[in-house]
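# Coordinate analysis (summary)
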Amino acid sequence: MEEVKDWFRRPKAGQLDMLQREVKALEASLLVKDPKLHHHLIGLGIEFPLFARRWLQLWLTREFELPEAIVLWDSILASGVRLPWLRYLCLGMLSLQRDALLASSSQGVLNLLLHYPSTEPRFLVRVADQLRSGSIFDNCVVDKKLPSIK
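Our subject in this report is the structure included herewith. Predicted model, so just to flag it, every value in this text is computed and none were measured. (Residues numbered from 1 in each chain as written. Predicted model: local features only at pLDDT ≥ 70, side-chain atom pairs only at ≥ 80, totals over all residues. Heavy atoms only, no water.)

### Concerning helix 8 (residues 106-114)
Definition in use: Each residue is assigned to one of three classes by its accessible area relative to the maximum for its type, calculated with a 1.4 Å probe on protein chains only: buried under 20%, partly exposed between the two thresholds, exposed over 50%. Only DSSP runs of H or I covering at least 4 residues are called helices, and only runs of E covering at least 2 are called strands; the numbering of each starts at the N terminus. Think of it as the arc spanned by the lines of direction from the helix axis to the C-beta atoms.
Buried residues of helix 8: Val109, Leu112 and Leu113, and no others. Buried positions in helix 8, seen along its axis, are confined to an arc of 95° and lie on one side of it.

### What about the nonpolar core?
Using the following cut-off: Nonpolar cores are built from buried Ala, Val, Leu, Ile, Met, Phe, Trp, Tyr and Cys residues. Side-chain atoms within 4.5 Å join them into one set. The contact definition used throughout considers only heavy atoms, calling two residues in contact when any of these lie within 4.5 Å.
If you look at the biggest cluster of nonpolar residues, it comprises 37 residues, and the most contacted ones within it are Phe51, Trp55, Leu60, Leu89, Leu94 and Leu113. The set of elements that each furnish at least two residues to this core consists of helix 2 (18-33), helix 3 (35-43), helix 4 (49-57), helix 5 (66-79), helix 6 (82-96), helix 8 and helix 9 (121-133). With near-sequence residues (within four places) excluded, Leu113 lies in contact with Ile46, Phe51, Arg54, Trp55, Leu94 and Leu101.

### Remarks on the pattern of salt bridges
Defined as follows: Within this document, salt bridges are pairs made up of a side-chain nitrogen of Lys or Arg and a carboxyl oxygen of Asp or Glu, the two lying within 4 Å of each other.
In total, this model carries five salt bridges according to the counting rule given. We note a salt bridge from Glu63 to Arg54, for which the minimum N-O separation is 2.9 Å. Here the two residues Glu63 and Arg54 agree in accessibility, since each one is buried.

### Quick notes on the packing of helix 5 against helix 9
The condition is simple: Lines fitted to C-alpha atoms define the axes here, with helix axes fitted over just the stretch in contact, and angles between the N-to-C directions of these axes take values from 0 to 180 degrees. Oblique is the label for any angle not covered by the other classes, which are roughly parallel (under 35 degrees), roughly antiparallel (over 145) and roughly perpendicular (65 to 115). A clockwise turn of the near helix away from the far one marks a right-handed crossing, whereas an anticlockwise turn of less than a right angle marks a left-handed crossing. Ten residues, namely Ala, Val, Leu, Ile, Met, Phe, Trp, Tyr, Cys and Pro, are considered nonpolar, four, namely Asp, Glu, Lys and Arg, are considered charged, and the remaining ones, Gly among them, are considered polar.
Contact pair helix 5 / helix 9: the axes reach a minimum separation of 9 Å and the direction vectors enclose 30°. One element, helix 5, and the other, helix 9, form an angle in the roughly parallel class. As for how helix 5 packs across helix 9, the hand of that crossing is right-handed. Of the residues in helix 9, those in contact with Glu68, Val71, Leu72 and Ser75 of helix 5 are Pro121, Arg122, Leu124 and Val125. When grouped by side-chain class, the residues that make up the contact of helix 5 with helix 9 number five nonpolar, one polar and two charged.

### Here's the deal with unusual backbone geometry
Positive phi, close to 50°, is recorded for Trp59, a residue that is not glycine. With respect to the element layout, Trp59 can be found in the loop between helix 4 and helix 5.

### Some points on the side chain of Glu22
Note the following rule: Counting of polar contacts relies on pairs of N or O atoms within 3.5 Å, with two restrictions inside protein: one atom must be capable of donating a hydrogen and the other of accepting it, and residues adjacent in sequence are counted only when both atoms are side-chain atoms.
Relative to the helices and strands, Glu22 is located in helix 2. One polar contact links Glu22 to Arg87, side chain to side chain, over a distance of 3.0 Å.

### Things to note about the packing of aromatic side chains
The condition is simple: Classification of ring pairs uses Phe, Tyr and Trp, with its six-membered ring standing for Trp, and accepts pairs whose centres are within 6.5 Å; under 30 degrees between planes counts as stacked, over 60 as edge-to-face, and the remaining range as tilted.
Across all of its chains, the model carries four aromatic pairs by this definition. Ring geometry for Phe48 against Phe51: centres 5.3 Å apart, planes inclined by 45°, an arrangement best described as tilted. Arranged with centres 6.3 Å apart and planes meeting at 45°, the rings of Phe64 and Tyr116 form a pair that is tilted. Residue Phe64 is located in the loop between helix 4 and helix 5, and its partner Tyr116 is located in the loop between helix 8 and helix 9; the two are separated by 52 residues in the primary sequence. Residue classification places Tyr116 among the buried positions, given a relative accessible area of 8%. Here the aromatic cluster, defined as three or more aromatic residues joined through ring pairs, consists of Phe48, Phe51, Trp55, Phe64 and Tyr116.

Now the structure itself:
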């Protein structure tokens, strides 16, 4: 949890705070993993802080019910690399809604990102794991029938 306390410290003059850096890192990660989706969001004028600050700062507790959030927190804490793993969960959320995001106007995108649809948390963890391992985003398509991880 040491790295998270930096989110609540005042940054030095001219520097981004920890949360701002993580939002930028999420945006940069999406640009690498799915440039088409990134360009679509930017083209619509969607600014990443609008949704990503809440996702990252609250560890997805606004997007998931508490029992589901606890499953995600467990994966974050067990990962050993908490902030990068949280970023992969966020990328997984974007990838699972990729088709809907690409088909939506700016208002539809914001509505989807700020009112994220119900998602099975263990499935999201599997998607995040595949994103981390690089086995997803071949042609930027998420296989909706991922194999179960035992």
